[in-house]
Amino acid sequence: MKTICLTFLIFLINAFIYGSDNLQDYYIVIHLYYALITLSGRYDNRLGQFLMLGITTTINFIYLAFVYNWVHFTASVMIYPFISLCILQTLQKLKKTETEVKKQFLRADQDNQDLERRIRDISTLFDVSASANSAHDLKNFFQQVIKVLATRMGLYQAHLNIYNKDRPNQYLEAVFGLTKAETRDRKQIDVIQEQVLKYGRPIGVPHRWMRKDDENFPFADSVVSKTPIAFWCLPLIVDEEVVGTLAIDKGSDEFSTEDELRILTVVASIMAQRVKIQQVIDSLVQSERLATLGKMATTVAHEVRNPLGGIRGAAQLLQSEENFDANGRDYIDVILKEVDRLNRVIEQLLTFGKSKAENFELCNLKSLVFDALKVCDPQLKQHQIEVKQNYQQYLPEIKVNPEAIEQILLNLFRNAIESIENDGTLTINATFDLKQAAIKLRIEDTGRGINPEITHKLFDPFYTTKPKGTGLGLAISRQMVEDHNGTIEVDVTSPKGTAFLITIPI
Ligand SMILES: Nc1ncnc2c1ncn2[C@@H]1O[C@H](COP(=O)(O)OP(=O)(O)O)[C@@H](O)[C@H]1O
Ligand SMILES: [Mg+2]
C-alpha cells in the first residue's frame with residue numbers, strides 16, 4: 001500500500017517536471033523526489049525500493065536524453081540515484097541492526113523472567129523445606145506448607161490424605177479465602193484421590209472437567225501444556241510406596257502448567273518424607289508408650305488388685321447383713337459395681353504387659369465368635385440387639401491364640417453394644433481372601449457411628465469419648481491383632497453405624 005502511494009506521488013512529481021519548462025523548478029522537484037525514494041527506505045521492502053528507483057531513473061533518463069543537458073543528465077541519472085542507493089543500503093543495514101537489537105532485548109527479557117521464576121521456585125521450596133524442619137507435628141507442617149503455596153501460587157483449598165496400612169487414614173484440610181459453602185465437593189475429591197493412590201501418578205484436572213460428573217480424570221503427563229489446571233492431585237511417594245495424596249485446588253493461573261507440576265512434585269516429595277518421618281516417630285512413641293504402660297500395669301495390678309479384693313469381700317459381707325435399709329443396700333450395690341469396673345480396667349491394663357504372640361493353636365473362627373457372643377448374651381438381650389452372622393462356606397481354620405481373639409471380639413462387641421444403646425443389629429461377616437491368604441472378619445453395628453475426624457485417634461491408649469470409658473479396648477485389640485501379623489481398621493463409610501474390619505493371615 002505504502003509502495004503504491006509513494007509511486008503515485010513520484011508520478012505526480014514527474015508529470016509536474018515534464019509539464020514545466022523552468023529548470024529551476026526541475027531542480028527543486030528532483031531533490032524532493034529523490035528524498036521521497038530515500039524515505040521509501042523506511043517503509044518499503046527492498047524490491048519496492050529498487051523498483052521505484054529504477055522507474056524514476058529510467059523516466060529521467062528518457063526525459064533528459066531529449067534535453068541534451070549533460071550536467072543535468074549526470075546529476076539526475078547518475079549522482080542522485082547513486083546517493084539514493086547508498087542511503088537505501090545504509091537504511092537497510094540500520095533496520096537489520098534494529099531488529100537484531102530488538103531480538104536480543106527480547107531474549108534478555110525472557111532470560112530475566114526465567115531467572116525470576118527460578119528464584120521464586122527456589123524460595124518456595126526453601127520455605128517448604130524450612131517448614132518441614134520447624135513444624136512440630138504433621139498438621140502444623142501441612143498448614144505452613146499450604147500457606148506458602150497460597151501466597152506464591154494463589155491456591156485456595158488443599159487436602160492432605162495420609163494412608164497408613166494399619167491405621168485409619170488421616171485427613172487434613174486447609175482452606176484460604178473461602179467460606180465453607182464455597183469449598184469443593186469432598187466426594188469428587190475423594191474419587192480423584194483414590195485414582196492417584198491406585199496408580200501412583202499425579203492428576204491435573206483442567207477447569208472444564210471439574211463441572212462434569214466424570215470419573216476418569218486425566219493424568220498430569222497427558223495434560224496439554226497450555227491447558228490451565230484447576231485442580232492438582234499428587235501422590236506422596238517414599239521408597240516406591242504411596243503414603244498419601246496431596247490435593248490442591250487452585251485460584252489463579254499465573255503459573256504455567258509445567259512450572260506448577262514441577263514445583264508441586266518437589267513439594268509432594270518433601271511432604272512424603274515428612275509424613276514418613278512422622279509415622280516412624282509415631283510408631284516409636286506408641287511402642288514406648290505401650291512398654292511404659294505394660295510396666296505400669298504390673299505395678300498397678302499388684303498395688304490395687306489386692307485392696308480391691310478386700311473391699312469387694314467386705315461389701316459382699318455387708319450385703320448379707322440384715323440391718324440395712326433399701327438405701328443402704330443400694331449404696332453397697334454401687335460399691336460392688338464400681339469395684340468390678342475397676343477390676344475390669346486393671347485386667348485390661350494387664351493385657352498390655354503380656355504379649356499374646358504365643359500359645360497359638362488351630363481354631364475355628366465360628367466357634368470363637370460363638371463363645372464371645374455367649375459372654376455378651378445377657379447385654380445383647382437386655383438392649384434388644386439382634387445378631388446376624390454370615391460365614392463363607394469353606395472357612396479354613398486359623399492358627400491363633402484363642403484367648404486373644406476372644407478378647408478382641410469381646411472388646412468390639414462391647415463397643416457395639418454401647419454404641420447401639422437400645423434396639424439395633426450387630427452383624428458379623430467372615431470371609432476368606434484367597435489372594436491375601438487371610439481371614440477377613442467384619443463386625444458392623446447400627447449404632448451412633450464415629451466422626452471421621454477422630455478415626456486416627458481411636459486406637460490410641462486411653463482415647464475415649466465415653467464418660468466412664470477406659471480407652472483401652474481398641475488399643476489392646478490392635479496390639480493383639482498385630483501379634484497375629486494382622487490388621488484392624490475402622491470403616492466409617494458404613495451407611496449407618498460403624499464397622500471394624502480385622503484381617504488375620506492364616
Ligand atoms: N462401635 C463403635 N461405635 C461408635 N464408636 C465407637 C465404636 N467402637 C469404638 N468407638 C469409639 O472409640 C473410642 C475408643 O474405644 P475403646 O478403645 O474401646 O475405649 P472405650 O470403649 O473405653 O471408650 C470409644 O470411646 C468410642 O468413641
Ligand atoms: Mg471399649
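Quick note: structure is the one above.
Residues numbered from 1 in each chain as written. Chains lettered and ligands numbered in written order. Predicted model: local features only at pLDDT ≥ 70, side-chain atom pairs only at ≥ 80, totals over all residues. Heavy atoms only, no water.

*Asks:* How would you summarise the overall build of the protein if you had to cite specific residues and measurements?
*Replies:* A count of helical and extended segments in the protein gives 11 helices and 12 strands. Across the 506 residues that make up the protein, the buried fraction comes to 40%. A separation threshold of at least 6 residues defines the contact pool for the protein, and within that pool the share at least 24 residues apart is 68%. Summed over all atoms, the accessible surface of the protein reaches about 28900 Å², with 57% contributed by carbon and sulfur. (Helix = DSSP H or I, 4+ residues; strand = E, 2+ residues; numbered from the N terminus. Buried < 20%, exposed > 50% of the residue type's maximum accessible area, 1.4 Å probe, protein only. Contact = heavy atoms within 4.5 Å. Areas by Shrake-Rupley, 256 points an atom, 1.4 Å probe, with all protein chains shown as cover.)

*Asks:* Go over the sheet that holds strand β7 (residues 385-391) with me, naming the residues and quoting the values.
*Replies:* The strands making up a sheet associate through backbone hydrogen bonding, with each pair oriented either parallel or antiparallel. Judged by pairing direction, the sheet is mixed, and its five strands sit side by side in the order β7-β9-β10-β12-β11 without closing on themselves. The sheet is open, and its two borders are formed by β7 and β11 (487-491), each paired with just one other strand. Taken pair by pair, the neighbouring strands of this sheet meet at an average axis angle of 15 degrees, ignoring direction. Relative to the sheet, helix α9 (residues 365-382) contacts β7, β9 (424-433) and β10 (438-445), its axis offset from that of β7 by approximately 175 degrees. Together, β7, β9, β10, β11 and β12 (498-505) form the strand contacts of helix α10 (residues 402-420), whose direction differs from that of β10 by roughly 25 degrees. (Pairing = 2+ DSSP bridges. Axes fitted to C-alpha atoms, helices over the stretch in contact; angles between N-to-C directions.)

*Asks:* Go over the packing of aromatic side chains with me, naming the residues and quoting the values.
*Replies:* Per the counting criterion, the structure on display carries one aromatic pair. Between phenylalanine 459 and phenylalanine 500 the ring centres are 6.3 Å apart and the planes differ by 85 degrees, which places this aromatic pair in the edge-to-face class. With phenylalanine 459 in the loop between β10 and α11 (473-483) and phenylalanine 500 in strand β12, this residue pair connects regions lying 41 residues apart in the sequence. Residue classification places phenylalanine 459 among the buried residues on the basis of a relative accessible area of 2%. The buried category is assigned to phenylalanine 500, whose relative accessible area is 7%. Sitting over the ring of phenylalanine 141, arginine 274 keeps its end group 5.6 Å from the ring centre. (Phe/Tyr/Trp six-rings, centres within 6.5 Å; stacked < 30°, edge-to-face > 60°. Lys NZ or Arg CZ within 6 Å of the ring centre and 35° of its normal.)

*Asks:* Can you lay out the site of ligand 1 for me, pointing to particular residues and giving the numbers?
*Replies:* In the region of ligand 1, 19 residues are neighbours, and Asp445, Thr464, Thr465, Lys466 and Thr470 sit closest. A distance of 2.4 Å separates an oxygen atom of ligand 1 from a polar side-chain atom of threonine 465. Considered on its own, ligand 1 offers 530 Å² of accessible surface; in the complex 95% of this is hidden by protein. Judged by the fraction of its atoms near the pocket grid, ligand 1 is located in the second largest pocket. For the shell around ligand 1, the secondary-structure elements that each account for two or more residues are α10, α11 and β12. Examining the composition of the shell around ligand 1, we find that three residues originate from one element, α10, more than from any other. Across the shell around ligand 1, the residue classes break down as seven nonpolar, 10 polar and two charged. (Near = heavy atom within 4 Å. Polar contact = N/O pair within 3.5 Å; in protein donor to acceptor, adjacent residues only side chain to side chain. 1 Å grid on protein atoms, 1.4 Å probe; cavity = no way out; pocket = protein on both sides within 12 Å on 5 of 7 lines; lining within 4 Å. Sits in = over half its atoms within 2 Å of the grid points. Nonpolar A, V, L, I, M, F, W, Y, C, P; charged D, E, K, R; others polar.)

*Asks:* Hey, could you go over the pattern of salt bridges for me, with residue numbers and the actual values?
*Replies:* Using the criterion set out here, one finds 12 salt bridges in the structure. Taken together, the salt bridges that share partners define one network made up of Glu338, Arg341 and Lys468. (Salt bridge = Lys/Arg side-chain N within 4 Å of Asp/Glu carboxyl O.)

*Asks:* Help me get a handle on the packing of α10 against α11, residues and values and all.
*Replies:* Running from N to C, α10 and α11 point in directions that differ by 150 degrees, and their axes come no closer than 9 Å. Accordingly, the angle class assigned to the pair α10 and α11 is roughly antiparallel. Crossing of α10 over α11 shows left-handed handedness. Where α10 approaches α11, its residues Ala404, Gln407, Ile408, Asn411, Leu412 and Asn415 are matched on the opposing element by Gly473, Leu474, Ile476, Ser477, Met480 and Val481. Residue classes in the contact of α10 with α11 are distributed as seven nonpolar, five polar and no charged. (Parallel < 35°, antiparallel > 145°, perpendicular 65-115°, else oblique. Left-handed = near helix turned anticlockwise from the far one by under 90°.)

*Asks:* Give a detailed account of the layout of surface pockets, specifying residues and quantitative values.
*Replies:* Space inside the second largest pocket adds up to approximately 1400 Å³. Along the wall of the second largest pocket there are 40 residues; nearest its centre are Arg414, Asn415, Glu418, Lys466 and Gly469. Element by element, the count of residues in the lining of the second largest pocket is highest for α10, at 10 residues. Partitioned by chemical class, the residues of the lining of the second largest pocket number 13 nonpolar, 15 polar and 12 charged. (Points joined across faces, edges and corners; volume = space filled by probe spheres on them.)

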